[in-house]
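So the chains spell out like this:
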Amino acid sequence: MGLPLTQRLGYSIGHVLNDLTASVWFSYLIVYFHQVMNFNNNLAGYLMLIGQVSDAMFTPFIGYESDRTRGFCGLGRRKAWHLVGTISVACSYPFLFNDCIGYPNAPDWSKFIYFAPFVVIFQFGWAATQISHLSLIPDLTSDDNERVELNGIRYAFTVLSNLVVFGIFWLLFLLHGDHSDNMESQLTSVDALKFRNLVFIIVGMGIVFSIAFHLIVREPVQHDDVSTAENAISDGFSTTIEKSTVLRTRMTWKCWLKTKQFYQIAVVYMSTRLFVNVSQIYLPLYVTETLELPKDSVAIFPLVVYVSGFVASIAMRLVNSRLGRKATYALGLALGIGACAWIYFLNHDNAKQVYGAVILLGLGGSTMLVTSLAMTSDLIACNVESGAFVYGAMSFTDKLSNGVAVVLIQHLHPCVACCPSCKDYYRQVLTFVPGGVAVVAFIALLSLLPYKIGLRPNTGNALKTVVDRIKADNSCPADETSPLLGEHRPQSATIQT
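Small disclaimer: the values here were computed from a predicted structure and weren't measured.

*Asks:* Tell me about the overall build of the protein chain, and name the residues and values.
*Replies:* Scanning the protein chain for helices and strands turns up 20 helices and two strands. At a minimum sequence separation of 6, the contacts of the protein chain that also span at least 24 residues come to 81%. When the accessible surface of the protein chain is totalled, it reaches about 20200 Å², and 66% of it is carbon and sulfur.

So this is what it looks like as structure tokens:
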């Protein structure tokens, strides 16, 4: 029986608080400090770096501990970490988009020291929520199609969360400030109130969705796999191959580090996140400074990106089932690279064409992200005992690379304040950084083509153990050699790997 609809919907809203805060973090942190607070470009980049490095350092630890702990207060191991993360995000995030309390005119270096601890707490909470939520997918279902569907629904709510953020922000522009003010292309300190109200609204909404997630979703009880397998055999379950495959090889974090596919999927996931996040961070600056569009464009064009991404996420289960993971990801790469190339040829005279470019950006980014997450689920396969570590390691590469990329982009910025050189600079950033990482992802995808994702050498050894036991107990018929596993399997049954 499939996962109940209430559980699927309940799961899908568990990441909404993270999605809402991440939308503002990636879309508006740099532009907020750059244009509203007149903050030093390098210091703004370092704030982003501190956040990304903190997240990168926390995620493997959280993944490892989430696999080891048993939870508390009646919550399972995943939901317990989810609760800790939710509280940390809700308590720290509002401080990031409000000026220093009591010292609004403090120098930039002292403001940097003030904001840094809140950034670290926020990123710890964000990582705890993300890893626990992702690692619930293999725990909730072992069906490949259902895992893709959960990733797709999860991303659909990510897109909806972003739509809510940009929609609310656009309304704040309409409600606060006259038409002539909104037609200006630069944000100013007058717009600080809009950012503050936006952050308070989204944090309140996110808390409500997190409470609903904890009330609806039932986390499966995880048993020790070795003892389960031993009990199954002792109870006579070894009479069929399908039931005997419970005796599988456990994967520890050390085992994953020795697995080639672990690194291949990590490159794909890291490149995907770099593509999506760099595009999200610098799109508002591109439309206001390069194309000189009205400043409410910082809400409108990200909104267009996520509407197109939402459309793509709805079709992900069907497309993945028809084309397969690798072909679907290649399709997303083609759309993303096309968007980057289009952006390069846009200027003030043909600025209206940016709608087409950002639609391609949303379609490509959504397709790549959902499919890369599905690849990660395929990599974990039945080894849910260490699933959180895998997601944590993937997120480590994502966050660290994003932080380094943003710092390099900020350091290479042609000036501290705005000047004519800034216009062409953001065009180059949006073209060559996402486009370059898309090429890296394509190379990693090519390296995966000869292999089935999730099939590891130790899988064959585990199945051989099961087959040998069944042969001894039940006198199975003669075997035939499996070219895929390199082991022996009975002709009369199908082994589910």
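Once the structure has been displayed, the description carries forward.
*Asks:* Which residues make up the environment of Leu-303, and what values go with them?
*Replies:* Relative to the assigned elements, Leu-303 resides in helix 14 (residues 297-314). Between the C-alpha atoms of Leu-303 and Val-164, which are 139 residues apart in sequence, the distance is 8.6 Å. When neighbours within four sequence positions are excluded, Leu-303 is seen to be in contact with Leu-163, Phe-166 and Gly-167.

*Asks:* Let's hear about helix 4 (residues 77-92): which residues, and what values?
*Replies:* The terminal C-alpha atoms of helix 4, which comprises 16 residues, lie 23 Å apart, in line with the 22 Å expected from a rise of 1.5 Å per residue. A large share of helix 4 lies buried, amounting to 12 of its 16 residues. Along helix 4, the residues classified as buried are Arg-77, Arg-78, Lys-79, Ala-80, Trp-81, His-82, Gly-85, Thr-86, Ser-88, Val-89, Ala-90 and Ser-92.

*Asks:* Which residues make up a nonpolar patch on the surface, and what are the values?
*Replies:* On the surface, Ile-337, Val-439, Phe-442, Ile-443, Leu-446 and Leu-449 cluster together into a nonpolar patch covering about 530 Å² of accessible area. Ranked by residue count, the leading element in the nonpolar patch is helix 19 (residues 421-448), at four residues. Note on placement: Ile-443 falls in helix 19.

*Asks:* Now, about the pattern of salt bridges: what can you tell me, with residues and values included?
*Replies:* Inspection of the entire model under this criterion finds six salt bridges. Of the charged contacts, one joins Asp-424 and Arg-427 as a salt bridge, the two residues approaching to 2.9 Å between their closest N and O atoms. Here Asp-424 pairs with Arg-427, and both are found in helix 19, just three residues apart, close to one helical turn. Exposure remark for Asp-424: the relative accessible area of 36% places this residue in the partly exposed category. Residues participating in the shared-partner salt-bridge network are Arg-77, Arg-78 and Asp-139.

*Asks:* Residue-level account of the packing of aromatic side chains, with values.
*Replies:* With the rule as written, the count across this model stands at 28 aromatic pairs. Here Phe-262 and Phe-389 contribute two aromatic rings whose centre-to-centre distance is 6.4 Å and whose plane-to-plane angle is 5°, an arrangement assigned as stacked. Taken together, the positions of Phe-262 in helix 13 (residues 260-290) and Phe-389 in helix 18 (residues 387-411) put the pair 127 residues apart, joining distant regions of the chain. The exposure class of Phe-262 is buried, given its relative accessible area of 5%. Classification of Phe-389 as buried rests on a relative accessible area of 9%.

Rules of the game
- Residues numbered from 1 in each chain as written.
- Predicted model: local features only at pLDDT ≥ 70, side-chain atom pairs only at ≥ 80, totals over all residues.
- Heavy atoms only, no water.
- Helix = DSSP H or I, 4+ residues; strand = E, 2+ residues; numbered from the N terminus.
- Contact = heavy atoms within 4.5 Å.
- Areas by Shrake-Rupley, 256 points an atom, 1.4 Å probe, with all protein chains shown as cover.
- Expected span 1.5 Å × (residues − 1).
- Buried < 20%, exposed > 50% of the residue type's maximum accessible area, 1.4 Å probe, protein only.
- Patch = residues over 30% accessible without salt bridge, like charges linked within 9 Å, V, L, I, M, F, W, Y side chains within 5 Å.
- Salt bridge = Lys/Arg side-chain N within 4 Å of Asp/Glu carboxyl O.
- Phe/Tyr/Trp six-rings, centres within 6.5 Å; stacked < 30°, edge-to-face > 60°.

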